[in-house]
Amino acid sequence: MTKISMTVDGVRYDDDVEPRTLLVHHLRERLGKIGTVVGCDTSNCGSCTVLLAGKSVKSCTVLAAQADGMDVTTVEGLSTPGGALHPVQQSFHETHALQCGFCTPGMIMAAVDLLNENPDPSDEEIREGLEGNLCRCTGYQNIVRAVQHAASTMRTDVPTTPETAQQSQPAQPGASQEVTT
Amino acid sequence: MTVTEPHAGAEVGRDRRRKEDARLITGRTLWTENISLPGMLHLAILRSPMAHARITHVDVAPARHLPGAIDAFSGQDIADIQGTLACAWPVTEDTVVPDYPPLAVDEVRHTGEPVAVVAARDRASALDALEAIEIDYEPLPVVLDMEAALADDAPLVHEAKGTNKSYTWIFDSAEAGTGESVTHAESEAELVINRRYVQQRLIPAFMEPRGVVVDPTGEQITMWSATQIPHILRLMLAMCTGVAEHKIRVIAPDVGGGFGGKLQITPEEFIAFAAARRLGRPVKYVESRSESMLSAHHGRDQIQDITLSARRDGTVTGLSVKLLANMGAYLGIVTPGVPILGAFMFNAIYKIPAYRFECSGVFTNTTKTDAYRGAGRPEATYAIERIMDELANELGMDPIEVRRRNWINHDEFPFSTVAGLTYDSGNYEAATDKALGLLGYDELRREQQQRRDSGDPVQLGIGVSTYTEMCGLAPSRILGQLRYGAGGWENAAVRMLPTGKVEVVTGTSPHGQGHETAWSQIVADQLGVPFEDVEVLHGDTRTSHKGLDTYGSRSLAVGGIALVQACQKVVDKARPIAAHLLECDPADLEFAEGQYRIKGTPGTGKTLADCALAVFTSHEMPDGVEPTLDADATFDPDNFSFPHGTHLCAAEVDTETGHVRIRKYVAVDDVGRVVNPMIVEGQVHGGIAQGMAQALFEGAVYDADGNLLTGTFVDYTVPSSADLPEFVTDRTETPAPGHPLGAKGVGEAGTIASTPAVVNAVVDALRPLGVSDVQMPCTPERVWQAIRSATDGGERS
Ligand code: FES
Ligand code: FES
């Protein structure tokens, strides 16, 4: 057993873990962060992507012990229940960038990192940047659109879809509308 | 049935953002893997490393004593409760249906077949304990190739059956009375073209691995499963294990993709069911990706020998198809039926006067095949669309022109085809013309000629694919004639709550298609309630007790009609209540946009919500009024629906490296009236991606011993965002005459159309080099080899 301490979605957790425990299993099974999912056993699908110290990683390739002392953000930490969605989450919704939604948390986390690195990516840069995240449902076209749309939202801090533009209120970063259901 | 025209302000036809998204983008999704119950044990499954072997010895005892392990068992240990997996579609009277124990008892017939199970307190311990199980195999001869399997001295997959042939199914238009004799057509023809096309084996590769949780501790045994078919699964569990049906509840929570790959009753579900009963406590099994690739069913895998006869003016006079279909080692729920669905689609959109189809289902020591997106129809469309291009090439005719000469014109519907179907409606001209315009066809043909003339190392090819498909798998009567073991009806229930909000229960079982949104749009229009006031419930046999689930684009095409009918019943039921509230005769009322008004009298009337509250209190209701506002409808259509479309692909092929680059891809689909254009477009995108993946990237490969060489995402190329191009999509709308909304179904269209469009483009690019075929997937290596063997004057590949 190894003692580790990490801050996940803003909350600090101290745990004993077996050295072989993967970060994804620690997040899911010990911390209850079940928004992050496992889609493969070869680190190819990207379903398990989280931010580790602000950078996207496939949490099935990192040991929990390696994350000791670090900050982790999962999809559950991007927004608060009932609170504001992250612009990337909002864009995925607006542009229909998901169908079954299984790849979506990982895809969103990878997109957040991509936009942090490159706030104004070309379509090609988005396609290359998300190459490690597989989606079987969407054919990726709307995912590319979503990332473009999020990029423009985050650059201007003003929502730009026809629906949100009508409301003409400047949105704060991370303060987009909640999904209406 | 008359198609209702959309009214101003209608929800149907509108790009509504999906209700489903709220939980999916925030990680609050209920995947099967996320379910955890008190006292739950985790199962791990030991799988056969051999493709064919006798199990000579099993000892699970050492596994039981390892830390965390609670139980371990083999097929022998649960023989009395595990039941047997069933095939629901023996296509002929004498179809050979082998026994199919969920956990192998004395013999294994493909690699990955489950042989023993450990139940432990956590997954890691269960996996560790698997290694302690002792098991000995005596290898038996392996047969993998379909033609080899049919040889007289072939090793037998099921010794006791004495044959590797499951069935032979024949359709002949002369005998069926739907057309002329193919033999005659071929003897009279000015041109006869023979081709062999191979449909490589594909792995559905839904992103969420299959998982199952079983809780035996309640009044009912509850199973959560990542399945497309909770209703069928419950029925099969009852029929195949002997547990009473009303004592079983199946729930499909959020399901992460299916594509036919979760249209199955799986050994793992049966094993978990048996384990939970044996242990008396909840169990969970979630497969790894490698297990999924190895043992969840595969798709396609056919050898198609196709003969087209024609006149020199381009008129097709006859079509005959001989098919070998790989069943794998066992028959899954619809394994034998998949190629038979294709039988009805080889003639595609063409007025072919003579047709013969013969299919043999063959057992091999491979994972079973079964439905995969399109199930039989993509295979059929591929063959006919490839050979139509060969015909065009032989005649020196434009491939579009060849199609125009043969297709059914829009004024000829309904049209009875040589395969015995009646196509409801269509307009192939409109879709094709629109697609040609979007692609810039003529201009690209000019560029193609320039590249050919200049001997450009990068050649341009244009691929055409026109298609129709039979959607909305239903008419129960026809399914019965085809010996399918279930009906094709669908159910919907609509419940007005006292406050006027609406709960809708559907028998369909979505896994990414957005039914919660589309169904809400339909109900909002039918009942005149806000979209937000509708909640759609599905995928639980307790709340949704009647249904036949989601596959074959049947949900909207069949389930959508049941939904409209249930809404209409609610409207009818509320009429006397509204009349009572308005103190008038029910016959004097009209219902529009959610309000009953006295005919010819402007002003406010009574809404359904008013009626719902009035009937809930029921303080004063006329005699005979049932104090609820809900209704249930079950619908069985009298025909399939037939979406269609034209896809065009422009591809650049580097003749020096064999690399294919999709330059432009255009899809014009006609799926009838559209409920939510945004969702339809998304379905088309995903469908094209999967069809393109078959054309260019994917293929399951076994080695000579029957080991799957493409058992992970490292070896099996599911395309990534960097591998796929942008798609240009558009629509024409020819309403389905048999549907109150005019809808036809869209789930499979993209997959059916795109595979031949892409391969036709690749071959078209290479024609000047003498290439007439490239086998799928058209990887750079395959393309390069095809070029080389053509230019060397050797065998064409
Ligand atoms: S689960 Fe981590 S990459 Fe697939
Ligand atoms: S939305 Fe289903 S895998 Fe991406």
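Residues numbered from 1 in each chain as written. Chains lettered and ligands numbered in written order. Predicted model: local features only at pLDDT ≥ 70, side-chain atom pairs only at ≥ 80, totals over all residues. Heavy atoms only, no water.

1. A word on the overall build of chain B
Helix and strand counts for chain B stand at 21 helices and 28 strands. Its C-alpha atoms give chain B principal-axis dimensions of roughly 90 × 70 × 50 Å. The proportion of buried residues among the 797 residues of chain B is 65%. Residue pairs at least 24 apart in sequence account for 80% of intrachain contacts in chain B once pairs closer than 6 positions are excluded. Across chain B, 69 positive and 108 negative side-chain charges occur, with their mean positions spaced 2 Å apart. (Helix = DSSP H or I, 4+ residues; strand = E, 2+ residues; numbered from the N terminus. Buried < 20%, exposed > 50% of the residue type's maximum accessible area, 1.4 Å probe, protein only. Contact = heavy atoms within 4.5 Å. Lys, Arg positive; Asp, Glu negative; His and termini not counted. Charge placed at Lys NZ, Arg CZ, Asp CG, Glu CD.)

2. Side note on the sheet that holds strand S2 (residues 11-17) of chain A
Residues and elements named next belong to chain A. The strand order across the open sheet formed by five strands is S2-S1-S5-S3-S4, and the pairing between neighbours is mixed. Two strands lie at the open edges of the sheet, namely S2 and strand S4 (55-58), each paired on one side alone. Taken pair by pair, the neighbouring strands of this sheet meet at an average axis angle of 40 degrees, ignoring direction. As paired strands, strand S3 (residues 49-52) and strand S5 (residues 71-73) are joined by two bridges and run antiparallel to one another. Directly across from Leu51, in S5, lies its bridge partner Thr73. Where helix H4 (residues 104-117) meets the sheet, its contacts fall on S3, S4 and S5, and the angle it forms with S3 comes to roughly 40 degrees. (Pairing = 2+ DSSP bridges. Axes fitted to C-alpha atoms, helices over the stretch in contact; angles between N-to-C directions.)

3. Quick notes on the domain arrangement of chain B
Put simply, an interface is often sized by how much accessible area is lost when its parts join up. Residue and element names in this part refer to chain B. Split into domains, chain B comes out as domain 1 (20-28 + 489-635), domain 2 (32-140 + 210-286) and domain 3 (299-473 + 639-794). Of note, the centres of domain 1 and domain 3, computed from C-alpha atoms alone, are 40 Å apart. Contacts between domain 1 and domain 3 engage 18 residues on the former and 19 residues on the latter. Three residues, Gly552, Ser553 and Leu556, lead the burial of domain 1 against domain 3; their summed loss comes to 34% of the area buried on that side. Inspection of the region where domain 1 meets domain 3 yields zero salt bridges. Applying the counting rule to domain 1 against domain 3 returns eight residue pairs in polar contact (both at pLDDT 80 or more). Mapped by element, the contributors of at least two residues to the side of domain 1 that touches domain 3 are helix H16 (515-527) and helix H17 (555-582). Ranked by the residues each element gives to the side of domain 1 that touches domain 3, the list is headed by H17, at six residues. Residue composition of the side of domain 1 that touches domain 3, by class: eight nonpolar, nine polar and one charged. (Domains from an automatic or database assignment. Buried area = accessible area lost by both parts, 1.4 Å probe. Salt bridge = Lys/Arg side-chain N within 4 Å of Asp/Glu carboxyl O. Polar contact = N/O pair within 3.5 Å; in protein donor to acceptor, adjacent residues only side chain to side chain. Nonpolar A, V, L, I, M, F, W, Y, C, P; charged D, E, K, R; others polar.)

4. Some words on the UniProt feature "domain: Aldehyde oxidase/xanthine dehydrogenase a/b hammerhead" (unreviewed entry) in chain B
The UniProt record marks residues 26-141 of chain B with the feature "domain: Aldehyde oxidase/xanthine dehydrogenase a/b hammerhead" (unreviewed entry), using the residue numbering of this structure. Along residues 26-141 of chain B, the helical share is 10% and the strand share 30%, with 51 Å between the first and last C-alpha atoms. (UniProt positions renumbered as here; feature names shortened; annotations may be inferred.)

5. Comments concerning a negative patch on the surface
A cluster of acidic residues, A:Asp123, A:Glu124, A:Glu125, A:Glu128, A:Glu131 and B:Asp723, forms a negative patch at the surface. Inspection of the secondary structure puts A:Glu125 in helix H5 (residues 123-129). (Patch = residues over 30% accessible without salt bridge, like charges linked within 9 Å, V, L, I, M, F, W, Y side chains within 5 Å. Areas by Shrake-Rupley, 256 points an atom, 1.4 Å probe, with all protein chains shown as cover.)

6. Things to note about the packing of aromatic side chains
Residues and elements named next belong to chain B. One pass over the structure, following the stated rule, counts 13 aromatic pairs over all chains. Plain terms: the ring middles of Trp169 and Phe357 are 5.9 Å apart, the flat faces sit at 70 degrees to each other, and that makes the pair edge-to-face. Residue Trp169 is found in strand S7 (residues 165-172), and its partner Phe357 is found in strand S15 (residues 355-363); the two are separated by 188 residues along the sequence. Judged by relative accessible area, Phe357 falls into the buried class, the value being 0%. Taking the centre distance of 5.6 Å and the plane angle of 80 degrees together, the rings of Phe413 and Tyr428 count as edge-to-face. Remark: Tyr428 occurs in helix H13 (residues 428-439) and Phe413 occurs in the loop between helix H12 (399-406) and strand S16 (415-416); sequence separation between them is 15 residues. Here a set of aromatic residues connected by ring pairs shows up, and it is made of Trp169, Phe344, Phe346 and Phe357. (Phe/Tyr/Trp six-rings, centres within 6.5 Å; stacked < 30°, edge-to-face > 60°.)

7. Here's the deal with the sheet that holds strand S13 (residues 299-310) of chain B
Residue and element names in this part refer to chain B. Strand order in this open sheet of five strands is S7-S15-S14-S13-S8, and the pairing throughout is mixed. Each having just a single partner strand, S7 and strand S8 (191-202) make up the two edges of the open sheet. Neighbouring strand axes in the sheet, compared pairwise and without regard to direction, differ in orientation by 10 degrees on average. The strands touched by helix H11 (residues 377-395) are S8, S13 and strand S14 (316-328); relative to S8, the strand with the most contacts, the crossing angle is about 145 degrees.

8. A short note on the environment of B:Lys368
Residues and elements named next belong to chain B. Structurally, Lys368 can be placed in the loop between S15 and H11. Classification of Lys368 by relative accessible area gives buried; the value is 4%. Separated by 30 residues in the primary sequence, Lys368 and Val338 have C-alpha atoms spaced 12 Å apart. Residues within four places of Lys368 in sequence aside, it is in contact with Tyr100, Gln264, Pro267, His297, His298, Met327, Gly328, Ala329, Tyr330, Leu331 and Gly332. A distance of 2.7 Å separates a polar atom in the side chain of Lys368 from a polar atom in the side chain of Tyr100.

9. Comments concerning the domain arrangement of chain A
All names here are of chain A. What the domain assignment lists for chain A is domain 1 (1-77) and domain 2 (78-158). Here the C-alpha centre of domain 2 lies 21 Å away from the C-alpha centre of domain 1. Each side of the interface is counted separately: domain 1 has 20 residues, and domain 2 has 14 residues. Interface of domain 1 and domain 2: buried area, both sides summed, is about 1300 Å²; carbon and sulfur atoms make up 53% of it. Contact with domain 2 buries area across many residues of domain 1, yet Thr49, Leu51 and Val75 alone supply 32% of it, more than any other trio. At the junction of domain 1 and domain 2, the tally comes to two salt bridges.

10. Overview of the pairing of strand S10 (residues 221-225) of chain B
Residues and elements named next belong to chain B. Taken across its five residues, S10 has five buried, putting it largely inside the fold. In terms of strand pairing, strand S9 (residues 211-215) meets S10 through four bridges, oriented antiparallel. The residue of S10 that forms the bridge with Val214 is Met223. Relative to strand S11 (residues 248-251), S10 is paired through four bridges, and the arrangement is parallel. Opposite Ile221, over in S11, you have Ile248 as the bridge partner. A crossover links S10 with its parallel partner S11, the connecting element being helix H7 (residues 230-241), and its sense is right-handed. (Right-handed = clockwise from strand over helix to strand, strands pointing away.)

11. Notes on the interface of chain A and chain B
Listed per partner, the contact involves 47 residues of chain A and 54 residues of chain B. Together, the buried faces of chain A and chain B total about 4400 Å²; carbon and sulfur atoms form 54% of this surface. In terms of surface lost to chain B, no three residues of chain A exceed A:His96, A:Arg136 and A:Gln141, which account for 19% of the buried area on that side. For the interface between chain A and chain B, the tally reads five salt bridges. Of the charged contacts, one joins B:Glu726 and A:Arg127 as a salt bridge, the two residues approaching to 3.9 Å between their closest N and O atoms. Taken together, the elements giving at least two residues each to the side of chain A that touches chain B come down to helix H2 (75-78), helix H3 (87-94), H4, H5 and helix H6 (141-156) of chain A. No other element matches H3(A), which puts four residues into the side of chain A that touches chain B.

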